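One-letter residues, chain by chain:
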Amino acid sequence: MANPWYTLQTLSGQEMKAEKSLQKRIVEEEMGEYIDRILLPMEKVVEVRGGTKKVSQRKLYPGYLFIQMKLYDEENRLLPTPWDFVRNTQGIIGFLGGERPQASLPNEIEDIEAQIADAAESEKPKVAFEVGETVKINDGPFQNYEGAVEEIDAEAGKLRVNIDIFGRSTPVELEYWQVEKQ
């Protein structure tokens, strides 16, 4: 049977550093018999800076890591070796649940893994848009035009924006990264 998953609380902004430190120490201190996997859920986000599309990573659960490990023995006693190993890793505050951490439910981890899979297939905007909001187009044939957001298609990452061309209101379909908030 697979080991249960636990949630670790990390210092703010230190999730990646804590994950790398854990990975490195697992090998150095031969903790592979206790720790199976570490999960840092991320998604791709897109923003436009200086007219250039930039793709970066954003944490789905800031301040948290998920770890699959053996933390208790057969009599449900806390194992000191993996407990101290994880708690003494730089950037980690401790286990969610304090001195007696409870394992995460399997369906919670399945949901998180599904979120990661969905996030890997698409890029989300760094900025969220709202209907009626004024945006400036910064890429494509309508560059430098301004218009109001008429419709948002979050699945496709597109917006329908009404712009004024030759005195007429014209709807234009654009990708998130082609516009910026005013």
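Analysis parameters
Residues numbered from 1 in each chain as written. Predicted model: local features only at pLDDT ≥ 70, side-chain atom pairs only at ≥ 80, totals over all residues. Heavy atoms only, no water. Buried < 20%, exposed > 50% of the residue type's maximum accessible area, 1.4 Å probe, protein only. Helix = DSSP H or I, 4+ residues; strand = E, 2+ residues; numbered from the N terminus. Pairing = 2+ DSSP bridges. Axes fitted to C-alpha atoms, helices over the stretch in contact; angles between N-to-C directions. Contact = heavy atoms within 4.5 Å.

*Asks:* Quick question: what am I supposed to make of the pairing of strand 1 (residues 5–10) here?
*Replies:* Two faces make up the sheet, and in a regular strand the side chains alternate between them. Strand 1 sits mainly inside the fold: five of its six residues count as buried. Of the pairings in the sheet, the one linking strand 1 to strand 5 (residues 64–69) comprises five bridges and is antiparallel in character. Following the sheet pairing, Leu8 is matched in strand 5 by Leu65. Across three bridges, strand 1 lies against strand 6 (residues 92–95) in antiparallel orientation. Bridge assignment links Leu8 to a residue of strand 6, and that residue is Phe95.

*Asks:* So what exactly am I meant to see when it comes to the environment of Ala148 here?
*Replies:* Mapping Ala148 onto the fold places it in strand 9 (residues 146–153). On the basis of relative accessibility, which here comes to 31%, the residue Ala148 falls in the partly exposed class.

*Asks:* Sorry if this is basic, but what is going on with the sheet that holds strand 12 (residues 179–181) here?
*Replies:* Two strands in a sheet stick together by hydrogen bonds in their backbones, pointing the same way (parallel) or opposite ways (antiparallel). Taken together, the five strands give an open sheet; going across it, the order is 11-10-9-8-12, and neighbouring strands pair in antiparallel fashion. Two strands in the sheet have a free side with no partner beyond their single neighbour: strand 11 (168–175) and strand 12. Taking the axes of each pair of neighbouring strands and ignoring which way they run, one obtains an average angle of 45 degrees across the sheet. The sheet contact formed by strand 10 (residues 158–165) and strand 11 spans eight bridges and is antiparallel.

*Asks:* Hey, could you run me through the sheet that holds strand 1 in this one?
*Replies:* In space, the four strands of this open sheet follow the order 2-5-1-6, with antiparallel pairing throughout. Edge positions in the open sheet fall to strand 2 (35–39) and strand 6, since each of these has one partner strand only. This sheet shows a mean twist of 30 degrees between the axes of neighbouring strands, independent of strand direction. Helix-sheet contacts for helix 1 (residues 15–28) involve strand 1, strand 2, strand 5 and strand 6, and the interaxial angle to strand 5 is about 25 degrees. Where helix 2 (residues 80–87) meets the sheet, it contacts strand 1, strand 2, strand 5 and strand 6, and its direction lies at approximately 145 degrees from that of strand 6.

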